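Next come the chains, spelled out residue by residue.
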Amino acid sequence: MKISAIRTLAYAVAALAAVTLGSCDDKKFRVDGSITDAKDSVLYFENMSLDGPVVIDSVKLGGDGEFSFSEKSPEAPEFYRLRIAGQIINLSVDSTENITVKAAYPTMATGYTVEGSAECATIKELALKQIALLQRVIAVERAANISFDQTRDSIARLVEAYKHDIKLNYIFKAPMRPSSYFALFQTLGNRLIFNPRENEDDIKAFAAVATSWDVYHPKSLRGENLHNIAIQGMRNVRIMRNQQAAQAIDASKVKQANLIDISLTDNQGRARSLTSLAGKVVLLDFHVFSSEGSTKRIMQMRELYNKYHGRGLEIYQVSLDPDEHFWKTTTAALPWISVRDPQGLQSQNLALYNVNSLPTFFLIDKTNTLRKRDVQIKDLNAEIEVLLNE
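First, a word on scope: everything that follows refers to the structure included in this document. A quick note: this is a predicted structure, and the numbers were derived from the prediction, not measured.

### Comments concerning the overall build of the protein
Per the secondary structure count, the protein includes 11 helices and 17 strands. Accessible surface for the protein amounts to roughly 21,000 Å². Of this, 52% is attributable to carbon and sulfur atoms.

### Comments concerning helix α8 (residues 294–308)
Since the α-helix advances by 3.6 residues per turn, residues separated by three or four positions end up pointing in the same direction. Its 15 residues give α8 an end-to-end C-alpha distance of 21 Å, which sits within 8% of 21 Å, the value for a rise of 1.5 Å per residue. Taken together, the buried positions of α8 are occupied by Ser294, Arg297, Ile298, Met301, Leu304, Tyr305 and Tyr308. One side of α8 carries all its buried residues, which in axial view fall inside an arc of 115°. Exposed and facing more than 90 degrees away from the buried side of α8 are Thr295, Lys296, Met299, Glu303 and Asn306. Of the surrounding secondary structure, the elements contacted by the buried residues of α8 are β13 (281–287), β14 (313–319), β16 (360–364) and α11 (380–389).

### Things to note about the packing of aromatic side chains
The tally for this structure, following the rule as stated, stands at 15 aromatic pairs. Among the aromatic residues, those joined into a ring-pair cluster are Phe29, Phe45, Phe67, Phe69 and Tyr80. Taking NZ or CZ as reference, lysine 124 lies 5.0 Å from the ring centre of tyrosine 112, over its face.

### Considerations on the sheet that holds strand β7 (residues 98–104)
Ordered in space as β4-β1-β7-β8, the four strands form an open sheet in which the pairing is mixed. Edge positions in the sheet fall to β4 (66–72) and β8 (113–115), since each of these pairs with one other strand and no more. Going across the sheet, the axis of each strand differs from the next one's by a mean of 15°, ignoring polarity. Pairing geometry for strand β1 (residues 28–36) and β7, over seven bridges, is parallel. Bridge pairing links aspartate 32 to threonine 100 in β7.

### Overview of the pairing of strand β6 (residues 87–93)
Where strand β5 (residues 78–84) meets β6, seven bridges bridge the pair, whose relative direction is antiparallel. Counterpart to phenylalanine 79 in the pairing with β6 is serine 92. Hairpin geometry of β5 and β6 is characterised by an intervening segment of two residues between the two adjacent antiparallel strands and by a positive phi of about 55° at alanine 85.

### A word on helix α6 (residues 200–216)
Here α6 contains 17 residues, and its C-alpha end-to-end distance of 25 Å stays within 8% of the 24 Å for a straight helix at 1.5 Å per residue. For α6, the set of buried residues is Asp202, Ile203, Ala205, Phe206, Ala207, Val209, Ala210, Ser212 and Trp213. Backbone nitrogen of aspartate 201 and a side-chain oxygen of the N-cap are separated by 3.1 Å at the start of α6; the cap is asparagine 199.

### Considering the pattern of salt bridges
For the structure shown, the criterion picks out 20 salt bridges. Between aspartate 153 and arginine 152 there is a salt bridge whose closest N-O contact spans 3.6 Å. With a relative accessible area of 35%, aspartate 153 lands in the partly exposed category. Between glutamate 385 and arginine 311 there is a salt bridge, with the nearest N and O atoms lying 3.0 Å from each other. With glutamate 385 in helix α11 and arginine 311 in the loop between α8 and β14, the pair connects residues that are 74 residues apart, well separated along the chain. Here the salt bridges do not stand alone but share partners, grouping Glu160, Lys163, Lys167 and Asp202 into one network.

### Section: the sheet that holds β14
To summarise the sheet geometry, strands pair through backbone hydrogen bonds and adopt either a parallel or an antiparallel arrangement. A sheet is described by the order of its strands in space; here five strands give the open sequence β15-β14-β13-β16-β17, paired in mixed fashion. Where the open sheet ends on each side, the last strands, each with one partner, are β15 (337–340) and β17 (370–373). On average, adjacent strands in this sheet sit at an angle of 20° to one another, irrespective of strand direction. Across four bridges, the pairing between β14 and β15 is parallel. The residue of β15 that forms the bridge with serine 319 is arginine 340. The sheet strands contacting α11 are β13, β14, β16 and β17, and the helix crosses β16 at an angle near 25°.

### Description of the nonpolar core
In terms of nonpolar packing, the biggest core is built from 27 residues, with Ile166, Ile171, Leu184, Ile193, Val209 and Leu226 touching the most fellow members. For this core, the secondary-structure elements that each account for two or more residues are α3 (118–141), α4 (148–171), α5 (178–184), α6 and α7 (221–246). Each residue touching leucine 184, except ones within four places of it in the same chain, is listed here: Ile171, Leu192, Phe194, Ala205, Phe206, Val209 and Leu226. Core analysis: the next-biggest nonpolar cluster, separate from the first, contains 22 residues, Phe67, Ile89, Val101 and Tyr112 among them.

### Structural notes on unusual backbone geometry
Note: most residues except glycine have negative phi, and most peptide bonds are trans. For the bond from tyrosine 105 to proline 106, the omega torsion is 10°, close enough to zero to count as cis. Omega for the bond connecting leucine 358 with proline 359 falls within 30 degrees of zero, at -5°, which places this linkage in the cis form. Looking at where proline 359 falls in the secondary structure, it is placed in the loop between α10 (348–352) and β16. One non-glycine residue, lysine 219, lies in the positive phi region at around 65°. With respect to the element layout, lysine 219 can be found in the loop between α6 and α7. Within the chain, asparagine 368 stands out as a residue other than glycine whose phi angle is a positive 65°. With respect to the helices, strands and loops of the structure, asparagine 368 is situated in the loop between β16 and β17. Taking the relative accessible area as the measure of exposure, asparagine 368 reaches 4% and is therefore buried.

What counts, and at which threshold
Residues numbered from 1 in each chain as written. Predicted model: local features only at pLDDT ≥ 70, side-chain atom pairs only at ≥ 80, totals over all residues. Heavy atoms only, no water. Helix = DSSP H or I, 4+ residues; strand = E, 2+ residues; numbered from the N terminus. Areas by Shrake-Rupley, 256 points an atom, 1.4 Å probe, with all protein chains shown as cover. Expected span 1.5 Å × (residues − 1). Buried < 20%, exposed > 50% of the residue type's maximum accessible area, 1.4 Å probe, protein only. Arc of directions from axis to C-beta. Contact = heavy atoms within 4.5 Å. Phe/Tyr/Trp six-rings, centres within 6.5 Å; stacked < 30°, edge-to-face > 60°. Lys NZ or Arg CZ within 6 Å of the ring centre and 35° of its normal. Pairing = 2+ DSSP bridges. Axes fitted to C-alpha atoms, helices over the stretch in contact; angles between N-to-C directions. Polar contact = N/O pair within 3.5 Å; in protein donor to acceptor, adjacent residues only side chain to side chain. Salt bridge = Lys/Arg side-chain N within 4 Å of Asp/Glu carboxyl O. Core = buried A, V, L, I, M, F, W, Y, C linked by side-chain atoms within 4.5 Å.

Shown next as structure tokens:
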């Protein structure tokens, strides 16, 4: 009887251990709630992986808008999002949270509530700040009574003020938090607000979060990625400093121009400089040929070129396409100057010209002076006529 009892107890302990170990492996988190006014819309639940968004699950919403997603808990903080079309709610998950989100479509991106996660609440704060910054930048860009230089300087001040706020009150205050990681990768249009490639202060922010993630989330892929970004940024800064120290600028060789020069290789393998087009009216166009609507836009530009090239209009088109062969094939028959920026959407030229969306164009007069950008132009033909007649 005693042996039987011991065996029974042993089996019970083993069974309990198996259940316990199994439950550790099967830990899950849940995201549920409701998105009203979105009947028959598809709500996607996506993981924001290091390689981009990955759809994990989806549901077609009913009249009440209720939804529930459940997934295996990540080993380190991970990022997800709820999405209907272009409306997005960003979330962070660490362990076994039960997160409840409630919103109404189509204002879910700004009007949602979230419960069950302090990090998700902070991420909402950051998302709303980012949206507010974008709205202020757009307002400045659309102001018709200020010059290009004033526009650029005003936007630069807005961005710097935003970065100071985020670094002081979020990133450096609690660098170990997922919301601080999220803040580092916020964007303005199609480029990062924090520049980890060559801005020394921004690189310090990446390094601070990377160091904290080493302590709180050791060996996580995101922590390693942050380290790689910070190290590469530091190398870039050292290289630039060495180059600046090694170069002595000959003032007699500096060409005066009222715009930032761009010098890239065209589809024939020749170096083409924007400032070399002095004496012509130039339409500077930033474009992605692989994007939707590209063909229609190119047809419109052909009409402009055919109409005004004989009178002195030139088009200097900068491609941001990642595939060089595709770009060369697509532009082979175009009559204007077509160059490609190998840095793509991370191009410094986009930053210098404050390009926040693509496609975007600028008009440059015969004296190499940048006159207007697309959002300031109501009638492009009329603007070209004015510049050609000056």
